[in-house]
Amino acid sequence: MRASILSGELAAGTQLVETRLAETFGVSRGPLREAIRTLADEGLVINKAYTGSYVTTFSERDLINALNIRTALECLAFKLCWPFRDDNFRRSLLARYEALEDASHTNVVAKQISAELEFHSIAFDFCNNDLLQDNWKQLAQKIQLGFCIYRSMPIKTVKKEWHKNYLELAQGDDLAAMIKEVEDHIRAGIASIRKYSIERNKDPRPQAGAEAEAGAS
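The shown structure was predicted, so the numbers you read here are calculated from the model rather than taken from an experiment.

What counts and what doesn't
Residues numbered from 1 in each chain as written. Predicted model: local features only at pLDDT ≥ 70, side-chain atom pairs only at ≥ 80, totals over all residues. Heavy atoms only, no water. Helix = DSSP H or I, 4+ residues; strand = E, 2+ residues; numbered from the N terminus. Buried < 20%, exposed > 50% of the residue type's maximum accessible area, 1.4 Å probe, protein only. Contact = heavy atoms within 4.5 Å. Areas by Shrake-Rupley, 256 points an atom, 1.4 Å probe, with all protein chains shown as cover. Phe/Tyr/Trp six-rings, centres within 6.5 Å; stacked < 30°, edge-to-face > 60°. Axes fitted to C-alpha atoms, helices over the stretch in contact; angles between N-to-C directions. Parallel < 35°, antiparallel > 145°, perpendicular 65-115°, else oblique. Nonpolar A, V, L, I, M, F, W, Y, C, P; charged D, E, K, R; others polar. Core = buried A, V, L, I, M, F, W, Y, C linked by side-chain atoms within 4.5 Å. Pairing = 2+ DSSP bridges. Expected span 1.5 Å × (residues − 1). Salt bridge = Lys/Arg side-chain N within 4 Å of Asp/Glu carboxyl O.

Enquirer: Would you explain the overall build of the chain in this entry?
Expert: Within the chain one finds ten helices and two strands. Shown N-terminal to C-terminal, the secondary structure of the chain runs as helices and strands in the order α-α-α-β-β-α-α-α-α-α-α-α. Going through the 217 residues of the chain one by one, you find that 45% of them count as buried. Counted over contacts in the chain with a minimum sequence separation of 6, partners at least 24 positions apart contribute 76%. Accessible surface computed for the chain: about 11,300 Å², of which carbon and sulfur atoms make up 51%.

This is the structure:
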């Protein structure tokens with residue numbers, strides 16, 4: 001169910017009908033209800049009194065707020081992980097960068113977003129702080145959900161220099177420059193969201209595809 005929500009297969013606002021979902025996933029209603037409670041705790045599902053459970057909706061403001069929180073958490077994660085950037089860190093960082101490059105050549109928006117969030121998880125994975133890692137995992141799910149909701153955004157080319165600079169600085173010796181890169185990187189993503197919102201309001205016609213440039217950046 002989590003994968004279906006984060007991929008957009010279960011769209012925002014969809015009511016979760018237990019009988020239908022139990023049949024779809026081939027489970028009884030007991031485990032299904034437990035799964036719905038877990039997803040509600042994660043913020044991916046909302047329970048409405050007397051009406052049922054629904055996939056969480058995510059507004060432009062919600063997404064921008066999540067990205068602003070991400071800025072603070074990601075900067076903290078780099079400060080904590082900086083002394084622990086060993087060969088394993090660098091190999092993992094490069095592998096995630098290559099996976100992101102591969103995803104950028106597809107039109108599968110969910111794959112692009114997932115690969116980008118995995119790339120940006122590197123500092124959290126090496127920060128040696130379980131609480132920070134748990135907070136990031138929950139926030140990353142909300143960010144992924146938010147961008148999947150924006151599936152009406154037109155496809156554009158991912159700005160590869162964003163991630164190349166990030167890759168190089170994350171392996172370098174200048175922590176201050178890395179922090180600035182994180183701030184600039186996410187600020188550019190927020191600017192893309194706001195730009196799209198303005199263009200959408202000017203042109204009410206439905207758009208096809210999804211915005212890869214804003215991505216999870």
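Enquirer: Help me out: how do you make sense of the packing of aromatic side chains in this one?
Expert: Centre-to-centre distance and the angle between the planes together describe a pair of aromatic rings. All told, the structure shown has six aromatic pairs when counted by the stated rule. Between Phe-78 and Tyr-166 the ring centres are 5.8 Å apart and the planes differ by 70°, which places this aromatic pair in the edge-to-face class. Highlighted residues: Phe-78 in helix α4 (residues 60–81) and Tyr-166 in helix α9 (residues 160–170), separated in sequence by 88 residues. Looking at Phe-78, the relative accessible area reads 0%, which means it is buried. Residues Tyr-97 and Phe-119 carry aromatic rings whose centres are separated by 6.1 Å and whose planes lie at 55° to one another, so their mutual orientation is tilted.

Enquirer: When you look at the environment of Leu-139 in this model, what are you seeing that I'm missing?
Expert: If you trace the backbone, Leu-139 turns up in helix α8 (residues 130–149). Those residues within four positions of Leu-139 in sequence are excluded, and the remaining contacts are Ala-66, Ile-69, Arg-70 and Leu-73.

Enquirer: Is there a simple way to explain the packing of helix α2 (residues 18–25) against helix α3 (residues 29–41) in this structure?
Expert: Axes are the key here: two packed helices are described by the angle between their axes and the distance separating the axes. Where α2 contacts α3, the axes come no closer than 10 Å and their chain directions differ by 105°. The angle between α2 and α3 places the two elements in the roughly perpendicular class. Each of Glu-18, Thr-19, Leu-21 and Ala-22 in α2 lies in contact with α3, whose residues at this interface are Arg-29, Leu-32, Arg-33 and Ile-36. Across the contact of α2 with α3, the residue classes tally to four nonpolar, one polar and three charged.

Enquirer: Quick question: what am I supposed to make of the nonpolar core here?
Expert: As a rule of thumb, soluble globular proteins bury nonpolar side chains together. The biggest cluster of nonpolar side chains holds 42 residues, and the ones touching the most others in it are Leu-67, Phe-78 and Ile-143. At the level of elements, α4, α5 (87–104), α6 (109–120), α7 (122–125), α8, α9 and α10 (175–202) are the ones that each hand at least two residues to this core. Broken down by element, the residue count for this core peaks at nine residues, all from α4. Ignoring any residue separated from it by four or fewer positions in sequence, one finds Phe-78 in contact with Ile-122, Ala-123, Tyr-166, Ala-170, Leu-175, Met-178, Ile-179 and Val-182. Residues Met-1, Leu-10, Ile-36 and Val-55 belong to the second largest nonpolar core, which totals 14 residues.

Enquirer: Even after reading the chapter, I still don't get unusual backbone geometry, so can you show me in this structure?
Expert: Of all residues except glycine, most have a negative phi; of all peptide bonds, most are trans. Of note in this structure, Tyr-50 is not a glycine but carries a positive phi near 70°. If you trace the backbone, Tyr-50 turns up in the loop between β1 (45–48) and β2 (52–55). On the accessibility criterion, Tyr-50 (88% relative accessible area) is exposed. With a phi close to 60°, Asn-128 is a non-glycine residue in the positive phi region.

Enquirer: Looking at this structure, how should I read the pairing of β1?
Expert: Note on strand geometry: in a regular strand, side chains alternate between the two faces of the sheet. Pairing geometry for β1 and β2, over four bridges, is antiparallel. Along β2, the bridge assignment pairs Lys-48 with Gly-52. The turn linking β1 back onto β2 is made up of three residues, and Tyr-50 within it adopts a positive phi angle of 70°.

Enquirer: What is the right way to look at α5 in this model?
Expert: The periodicity of an α-helix, 3.6 residues per turn, causes residues three or four places apart in sequence to face the same way. For α5, which comprises 18 residues, the first-to-last C-alpha distance of 26 Å matches the rise-based estimate of 26 Å (1.5 Å per residue) to within 8%. Among the residues of α5, Phe-89, Ser-92, Leu-93, Arg-96, Tyr-97, Leu-100, Glu-101, Ala-103 and Ser-104 are the ones counted as buried.

Enquirer: In this structure, what is going on with the pattern of salt bridges? I would like to understand it.
Expert: When the charged atoms of two side chains lie near each other, side chains of opposite charge can form a pair. Counted by the stated rule, this structure contains eight salt bridges. Between Arg-96 and Asp-125 there is a salt bridge; the shortest N-O distance is 2.8 Å. Pair noted here: Arg-96 is in helix α5 and Asp-125 is in helix α7, with a separation of 29 residues, a long-range link.

Read these as geometric descriptors, not functional statements.
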